[in-house]
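# Geometric and topological summary
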Amino acid sequence: MAHVLHVVARALGLIISFLGVSALCGVLAAGLMLPAAAVTGGAAYGSVQFFDSLPTQLKVDPPSLVTRIVASDGSPIASLFTENRTPIPLDQVSPHLKNAIVAIEDYRFYEHGGVDTTGILRAVLANARGDRQGASTLTQQYVANVLRENEVAQGEDSSVALDSQKTLGDKLREMKLAIGLEQQFSKDQILQGYLNLVFFNSNAYGIEAASQYFFSVDAKDLTLPQAALLAGIVNGPSLYDPTAHADLSVLRRNLVLDAMLKHGYINQKDHDAAVATPLQLKVNPPKQGCAYASQAQYFCDYVLHQLEDDPAYGNTVDERVRKLQREGLTIKTTLDPRLQGPAQAQVDATAGANPDKWGTSLVTVQPGTGRILSMAQNTRMLPGQGSNFVTAYNFNVDRTDASGNALGGAGGMQPGSAMKPVTLTAWLNEGKPTDQKVDASKRVYPLNYPWRDTCAHVVGAYDSAEKAAGLGASDDLLNDEPQWYRQMTVREGVYQSINTATFASAAGLNDFCDIQRAADALGLHDGEGHGKKVDMSTLGNLLGGPNIAPLSLASEYATFASNGTYCTPIAITDVTDSQGKRIGGQAQQCQANAIKPDVAKAVTSVLQDVLTKGSGYNIKDNSGQTIKLGVPDAAKTGTNEYNSETWLIGYTKGLSTASYFGEALGNPEDHLGRNVLVNGKFWPVIDGAYLAGPQWAYYMQKVLGLYDHGPFDAPPPSLVNAPGPAPAPVPAPAAVPAVPALPSLPSFPVIPIPPKHPGDGQ
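The notes below deal with the structure included here. In this text, all values refer to a predicted model and were calculated from it rather than measured experimentally. (Residues numbered from 1 in each chain as written. Predicted model: local features only at pLDDT ≥ 70, side-chain atom pairs only at ≥ 80, totals over all residues. Heavy atoms only, no water.)

To continue, consider the state of the cysteines. Counted according to the given criterion, the structure contains three disulfides. A sulfur-sulfur separation of 2.0 Å characterises the disulfide bridge that pairs Cys455 with Cys513. Where Cys455 bonds to Cys513 through sulfur, the torsion about that S-S bond is close to -105 degrees, and the disulfide is left-handed. Of this pair, Cys455 sits in the loop between β8 (437–439) and α16 (464–468) while Cys513 is found in helix α19 (residues 513–521), placing the two residues 58 residues apart along the sequence. (Disulfide = S-S within 2.5 Å. Helix = DSSP H or I, 4+ residues; strand = E, 2+ residues; numbered from the N terminus.)

This is how it looks when you write it as structure tokens:
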């Protein structure tokens, strides 16, 4: 009896299912072919009226695409995406894949008009028998994927209802949109759209990304077994994921191959060979974001921060991030891989294994353009990337921009004597020559010292007596070595890096405020950002007390190299959308005569002497030989008072590079550069010439030939030669008797005194 009831119940289910499908097909037919008024019956009329109210045109928004950050030569730096997708034309898809998708998902694809009523009836009858079978055509699946993608693009819920969870209204909507789509586009266009949109894996959206992810090949090169496997995944991406369920994915692949054989896409021999092929994955997980950049992680991060801070790409940060991660932009940068590679190799080599986590960095800008050509440091953003020093902070850039937007920087470091060219610039700008002597023996500058200034009160004092009296002064000014307390030229004071000579130069200015004007003209500012200037009215800042980012210092020295033209550093040349239309980029911002060209030439002539007569002489290789570039170059070393921040900033005519070694993240007084072991060598004290110097020299040797390395322009004699004493008045000659000429005195050779090569001044 129970068996009879079961048979009857099943028969009734089939009848009801058939009637339901018939009604649905009737609604489709009536809605598509007949006006609603021609259909009689309240229920039928309501169904058709509902169907008529549904939209017929599908809005196909661009799908989420991959944004690419590239170097100046087009080589990749990094990718950004929410969905890893690379759209390709249909002719770049393997025929095996196209055939496999059609065979398994919708073998009547080229026969129906978007909705397959025969397939719907067949699926319902099969499901009534207990067999699971879908009825959505490829066109309907494409519609469902487009609707989902449009929701994601609008920031809405991206979940997609399963077929069993969709209402009749949902189904009708998809059907009508599918029919409308078939009237808009060809079958190949629909298939191309579907293959570029469909979800395969959280790492792979669309067929090209799936081919690369699972097999590390382009979609056009998929073999028959590979194509069948991918075609099988779309029905259940989690269930048939070959990386998680290998056996199930192979069973599904073979089912696809059976369908291809059944519908005439392959012959028995090809089928059997493909079925016998073992699963051979070559998984290639996509890596996105600057932490996985193929080069220049921190430069990439700097670029990304600038884009996220720029209202040209959206009204809010969230809008800009969405644009960057979804719209398939191409961001072309100024980075020159020919410089970046050597820079990265050199900073990694300087500190070696680095258990004490000393920071090293190099950054290069192009004089006259401001283009950032390389940016490297000896850390990594993630563990396991080749360095035990892991940080997200960029040593080379400011913490924030002028508006307070984050740039990812460490906030700058103390440049020490690398700051002395600022006072030299002010000296020259007043028309004073490099070879004029100043009194470098003077060490006391008390609180009431009569500085000549027109803009601000000078802050600070160097007077041990006032310090002892508790008046807030510092100890008497010191040099690195005792033999330099004497008269000397301003030139010698700079190339020997003599602190007392820098102060004597400042004291000799007509207006102390010219130092501030020089610093501003050279683009110097606090490494914390927020547009804060470096306060040059504070005496300690003449010797490099403020924190300044290496990029700012490289740009300052580039101003000297370009005869006084200051350029704001730029990193992004072009931003184009997915169609290749330019939508942004950073314009070159250069100010000619930021400082007088002759002043820049005179500064360069002094900084050339640093490398031949002064502290640069101590830039030596492991054999003790001074490292020379062999082309015209100029530089200045710098060391803070703790020997924990050391520098060499130097340039040729075509490249300006800031080289740094020191405590980049912590307090400089907590990590002294004295009696330390660095890369297997013991250093009683670290000076700018000792580690930052060779780092700069070795790197520049490798790359200087790629850019202008010709001679610098000579400064005018008036900014070099000190005026001699005014001649005494000559009285009118009196009549005197002639006398015999005296014999000429013998001449004596001038014996040169060998130059001293002290460490850099504090």
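One ladder, built from four bridges, connects strand β1 (residues 67–70) with strand β2 (residues 76–80); its direction is antiparallel. From the neighbouring strand, Val70 faces β2, where its bridge partner is Pro76. What sits between the antiparallel neighbours β1 and β2 is a turn of five residues, in which Gly74 has the positive phi angle 90 degrees. (Pairing = 2+ DSSP bridges.)

On to the packing of aromatic side chains. The geometry of an aromatic ring pair comes down to the distance between the two centres and the angle between the two planes. One pass over the structure, following the stated rule, counts 17 aromatic pairs. When the centroid spacing of 5.4 Å and the interplanar angle of 15 degrees are considered together, the rings of Tyr445 and Trp451 count as stacked. In terms of burial, Tyr445 and Trp451 fall into one category: buried. Directly above the aromatic system of Tyr445 lies the positively charged group of Lys442, at a separation of 5.2 Å from the ring centroid. (Phe/Tyr/Trp six-rings, centres within 6.5 Å; stacked < 30°, edge-to-face > 60°. Buried < 20%, exposed > 50% of the residue type's maximum accessible area, 1.4 Å probe, protein only. Lys NZ or Arg CZ within 6 Å of the ring centre and 35° of its normal.)

In this section: the sheet that holds strand β11 (residues 572–576). Here we have five strands laid out as an open sheet, ordered β2-β1-β5-β11-β12, and mixed in their pairing. Of all strands in the sheet, those bounded by a partner on one side alone are β2 and β12 (582–584). Each strand of the sheet is rotated relative to its neighbour by a mean of 25 degrees, with strand direction disregarded. In this sheet, β12 lies alongside β11 in antiparallel orientation, the contact comprising two bridges. Within the sheet, the bridge partner assigned to Thr576 lies in β12 and is Arg582. (Axes fitted to C-alpha atoms, helices over the stretch in contact; angles between N-to-C directions.)

Below, the discussion takes up the sheet that holds strand β7 (residues 372–377). Pairing within the open sheet is antiparallel, and its five strands lie in the order β7-β6-β16-β15-β14. For this open sheet the edge positions go to β7 and β14 (634–639), each flanked by a neighbour on one side alone. With strand direction ignored, the average angle separating the axes of adjacent strands in the sheet is 10 degrees. Two elements, strand β6 (residues 359–365) and β7, share five bridges in a ladder whose sense is antiparallel.

What follows covers a nonpolar patch on the surface. On the surface, Leu239, Leu248 and Leu251 cluster together to form a nonpolar patch covering roughly 280 Å² of accessible area. Its location among the elements puts Leu251 in helix α10 (residues 246–262). Residue classification places Leu251 among the exposed positions, given a relative accessible area of 57%. (Patch = residues over 30% accessible without salt bridge, like charges linked within 9 Å, V, L, I, M, F, W, Y side chains within 5 Å. Areas by Shrake-Rupley, 256 points an atom, 1.4 Å probe, with all protein chains shown as cover. Salt bridge = Lys/Arg side-chain N within 4 Å of Asp/Glu carboxyl O.)

A word on the pattern of salt bridges. In a structure, side chains of opposite charge can pair up when their charged atoms sit close to one another. Enumeration over the complete set of coordinates arrives at 24 salt bridges. Between Glu83 and Arg148 there is a salt bridge, with the nearest N and O atoms lying 3.3 Å from each other. In this pair, Glu83 sits in the loop between β2 and α3 (95–105) while Arg148 sits in helix α5 (residues 138–153), placing the two residues 65 residues apart along the sequence. Accessibility expressed as a relative area gives 3% for Glu83, which makes it buried. Arg326 is the partner of Glu149 in a salt bridge, and the nearest nitrogen-oxygen pair spans 3.0 Å. Placement of Glu149 in helix α5 and of Arg326 in helix α13 (residues 317–326) is noted, with a sequence separation of 177 residues between them. Summarising the burial analysis for this pair, Glu149 and Arg326 share the class buried.

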